[in-house]
Amino acid sequence: MTQHTESRYDRGAKALAQIDGEAGQKVIDSLADIAPDFARYVIEFPFGDIYSRPGLDLRSREVATIAALTAMGNARPQLKVHIHAGLNVGLSGDEIVETIMQMAVYAGFPAALNGLLAAKEVFAEREDMAEDISPS
């Protein structure tokens, strides 16, 4: 068992900020008025306990997450958040596209197609954000 000196919440909040950035905080904020305890669980369990474990780097964890969400086929908002996260932790757009395309073999063409369209939206959002902050 891994010993941690900081709390699950603190560890999770740091990991959430590093991995998901603003998109992750928006998810947490969206839960504040309906299920604040669930927001805390999202910070503590996935990010404080799982993402903070040794054994896989954040890039590998995001490849696995993008693949799983693509294969599920019913988690488009979460997939988009994790495509952003993949880019945040150093995955290239090509690596994300290949990860999603790989899911056609195991989850079917519709799931991969939906994942690719979600990636296309995220890439366009990122381009728009880059244009907004670049000097004219």
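Residues numbered from 1 in each chain as written. Predicted model: local features only at pLDDT ≥ 70, side-chain atom pairs only at ≥ 80, totals over all residues. Heavy atoms only, no water.

A. Looking closely at the packing of aromatic side chains. The full count for this structure, using the stated rule, is two aromatic pairs. Ring centres of Phe 38 and Tyr 41 lie 6.5 Å apart, and the angle between their planes is 75°; this geometry places the pair in the edge-to-face category. Of the two residues, Phe 38 and Tyr 41 both sit in helix 3 (residues 36-50), three residues apart, roughly one turn of that helix. Exposure remark for Tyr 41: the relative accessible area of 42% places this residue in the partly exposed category. (Phe/Tyr/Trp six-rings, centres within 6.5 Å; stacked < 30°, edge-to-face > 60°. Helix = DSSP H or I, 4+ residues; strand = E, 2+ residues; numbered from the N terminus. Buried < 20%, exposed > 50% of the residue type's maximum accessible area, 1.4 Å probe, protein only.)

B. Helix 1 (residues 8-19), seen in detail. Here helix 1 contains 12 residues, and its C-alpha end-to-end distance of 16 Å stays within 8% of the 16 Å for a straight helix at 1.5 Å per residue. Of the positions making up helix 1, those classed as buried are Arg 11, Gly 12, Ala 15, Leu 16 and Ile 19. Angularly, the buried residues of helix 1 cover 130° about the axis, an arc narrow enough to put them on a single face. Relative to its buried face, helix 1 has exposed residues pointing more than 90 degrees away, namely Lys 14, Ala 17 and Gln 18. Contacts made by the buried residues of helix 1 are with helix 2 (21-31), helix 3, helix 4 (58-72) and helix 5 (76-88). One or two steps after helix 1, the chain reaches Gly 21, where phi turns positive at roughly 55°. (Expected span 1.5 Å × (residues − 1). Arc of directions from axis to C-beta. Contact = heavy atoms within 4.5 Å.)

C. Layout of the pattern of salt bridges. If you walk through the whole model with that rule in mind, you get 11 salt bridges. Of the charged contacts in the structure, one is a salt bridge between Asp 49 and Arg 11, with a shortest N-O distance of 3.5 Å. Here Asp 49 is found in helix 3, whereas its partner Arg 11 is found in helix 1, with 38 residues between them in sequence. According to the relative accessible area criterion, Arg 11 is buried, its value standing at 9%. Glu 125 is paired through a salt bridge with Lys 80; the nearest N and O atoms lie 3.1 Å apart. (Salt bridge = Lys/Arg side-chain N within 4 Å of Asp/Glu carboxyl O.)

D. Broad picture of the side chain of Asp 20. Tracing the chain through its elements places Asp 20 in the loop between helix 1 and helix 2. Within the buried set, Asp 20 has no salt-bridge partner at all; the shortest N-O distance to an opposite charge, 8.8 Å, is to Arg 126. (Lys, Arg positive; Asp, Glu negative; His and termini not counted.)

E. Focus on the packing of helix 4 against helix 6 (residues 93-107). With their axes 9 Å apart at the nearest point, helix 4 and helix 6 run at an angle of 45° to one another. For the element pair helix 4 / helix 6, the angle class is oblique. At the point where helix 4 passes helix 6, the crossing takes the right-handed sense. Contacts between helix 4 and helix 6 involve Arg 59, Val 63, Ile 66, Ala 67, Thr 70 and Ala 71 on the former and, on the latter, Glu 95, Ile 96, Thr 99, Ile 100, Met 103 and Ala 107. Looking at the contact of helix 4 with helix 6 residue by residue, the classes come out as eight nonpolar, two polar and two charged. (Axes fitted to C-alpha atoms, helices over the stretch in contact; angles between N-to-C directions. Parallel < 35°, antiparallel > 145°, perpendicular 65-115°, else oblique. Left-handed = near helix turned anticlockwise from the far one by under 90°. Nonpolar A, V, L, I, M, F, W, Y, C, P; charged D, E, K, R; others polar.)

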